[in-house]
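# Coordinate analysis (summary)
Each chain is listed here by its residues.
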Amino acid sequence: MNVAVASDHGGFPLKARVIEDLRKSGHQVTDLGTHSADAVDYPDYARAVAEAVLAGRADRAVLLCGSGAGACVAANKFRGIRAATCHDVFSAHQSVEDDDVNVLCLGARVIGPELAVDLVRTYLNARFSGAERHCRRLGKIAAFEAEFGK
Ligand code: RB5
């Protein structure tokens, strides 16, 4: 899978470990920064992964900040992006199976590197079920974007 990965400075300590494991697992990884621990603004990195997914350069993305919250809020402002912060394995797969999440957000100040790797593996192995009720609910979210996303 083509996977875009980005972080702000809060997520930076986790990014290298996540990328290392993705590459070991055979994924094609695009590292969209940040490339140091210097303070940056998480919306810029949310934008980078959102654009990569929406343009088809990435199938899915992993986005890291300190809490997993701010980056998730920012990513969800892009029409067609469904981002979720998942710090447990159940949510990491169910968010894809039911909600077709295309950006997994993680908080490097909340979880450790090995849980992060587990969550990313679980997330990437999950597939959207395509069940009618989930398509209907996602359709309602898409309608919100069309109605209010101007
Ligand atoms: C940066 O200090 C921090 O606010 C950011 O990484 C993230 O946790 C925001 O939600």
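Look up: the structure comes first, before these words.
Read on for a plain summary of the structure. Residue numbers here run from 1 along each chain, matching the order of that chain's written sequence. Confidence filtering applies because this is a predicted model: local features only for residues at pLDDT of at least 70, side-chain atom pairs given and counted only at 80 or more, and all residues used for totals across whole chains, interfaces and linings. Think of the side-chain values as coming from all heavy atoms in the structure, minus any hydrogens and water.

## Description of the packing of helix α1 (residues 12-24) against helix α5 (residues 113-125)
Angles run from 0 to 180 degrees between N-to-C directions of axes, and those axes are lines fitted to C-alpha atoms, restricted for helices to the stretch in contact. Helical segments are the DSSP runs of H or I of at least four residues, strand segments are the runs of E of at least two, and each set is numbered from the N terminus. Their axes nearest at 9 Å, the elements α1 and α5 cross at an angle of 45 degrees. As summarised for this structure, α1 and α5 are arranged oblique, according to the angle between their axes. Read as a crossing pair, α1 and α5 show a hand that is right-handed. For the pair α1 and α5, contact is made by Leu14, Arg17, Val18, Asp21 and Leu22 and by Pro113, Glu114, Ala116, Val117, Val120, Arg121 and Leu124, respectively. A class-by-class count of the residues in the contact of α1 with α5 yields eight nonpolar, no polar and four charged. Should an angle fall under 35 degrees it is called roughly parallel, over 145 degrees roughly antiparallel, and 65 to 115 degrees roughly perpendicular, with every other angle called oblique. Here a crossing is called left-handed whenever its near helix is offset anticlockwise from the far helix by less than a right angle, and right-handed whenever the offset is clockwise. When checking whether two residues touch, look at their non-hydrogen atoms; a contact exists if any pair is within 4.5 Å. Think of it as three bins: nonpolar holds Ala, Val, Leu, Ile, Met, Phe, Trp, Tyr, Cys and Pro, charged holds Asp, Glu, Lys and Arg, and polar takes everything else, Gly as well.

## Quick notes on the nonpolar core
Residues belong to a common nonpolar core when they are buried Ala, Val, Leu, Ile, Met, Phe, Trp, Tyr or Cys residues joined through side-chain atoms within 4.5 Å. Exposure categories follow from relative accessible area, calculated using a 1.4 Å probe and restricted to protein chains: below 20% of the type maximum is buried, above 50% is exposed, and the middle band is partly exposed. In terms of nonpolar packing, the biggest core is built from 23 residues, with Val5, Val18, Leu22, Val62, Leu64, Leu106 and Val120 touching the most fellow members. For this core, the elements supplying multiple residues, two or more each, are β1 (2-7), α1, β3 (60-65), α4 (89-97), β5 (103-107) and α5. What Leu106 contacts, discounting residues up to four positions off in sequence, is Val62, Leu63, Leu64, Cys65, Gly68, Cys86, His87, Ile111, Ala116, Leu119 and Val120. Grouped together as the second largest cluster of nonpolar side chains are 20 residues, Ala6, Ala46, Val53 and Ala75 included.

## Quick notes on α5
Expected span of a helix, by definition, is 1.5 Å for each gap between consecutive residues, and there is one gap fewer than residues. In this model, α5 (13 residues) spans 18 Å end to end at C-alpha, consistent with the 18 Å of a helix rising 1.5 Å per residue. Three or more residues of α5 are buried, namely Ala116, Val117, Leu119, Val120, Thr122, Tyr123 and Leu124.

## What about the pairing of strand β2 (residues 28-31)?
Direction of pairing for β1 relative to β2: parallel, over a ladder of four bridges. Bridge pairing links Val3 to Val29 in β2. Looking down the strands as they point away from you, a crossover is right-handed if its path from the first strand over the helix to the second goes clockwise. For the segment spanning β1, α1 and β2, crossover handedness is right-handed. Two strands qualify as a pair provided that DSSP identifies no fewer than 2 bridges between them.

## Structural notes on the pattern of salt bridges
Take a side-chain nitrogen of Lys or Arg and a carboxyl oxygen of Asp or Glu: if they are within 4 Å of each other, that pair is a salt bridge. With the rule as written, the count across this model stands at eight salt bridges. For Glu20, the salt bridge goes to Arg17, with nearest N and O atoms at 2.9 Å. Taken as a pair, Glu20 and Arg17 lie in helix α1 at a separation of three residues, close to a single helical turn. With a relative accessible area of 39%, Glu20 lands in the partly exposed category. Note on Arg17: relative accessible area 22%, which makes it partly exposed. A salt bridge links Arg47 to Glu51, with the nearest nitrogen and oxygen atoms 2.9 Å apart. Within this pair, Arg47 and its partner Glu51 are both found in helix α2 (residues 42-54), separated by four residues, close to a single helical turn.

## Details of the side chain of Ser7
Relative to the helices and strands, Ser7 resides in strand β1. On the accessibility criterion, Ser7 (0% relative accessible area) is buried. Polar contacts, as used here, are pairs of N or O atoms within 3.5 Å; protein pairs need one atom able to donate a hydrogen and one able to accept it. Residues neighboring in sequence count only if both atoms are side-chain atoms. A polar atom in the side chain of Ser7 sits 3.5 Å from the backbone nitrogen of Phe12. Setting aside anything within four residues of it in sequence, one finds Ser7 in contact with Phe12, Lys15, Gly33, Thr34, Tyr45 and Leu64.

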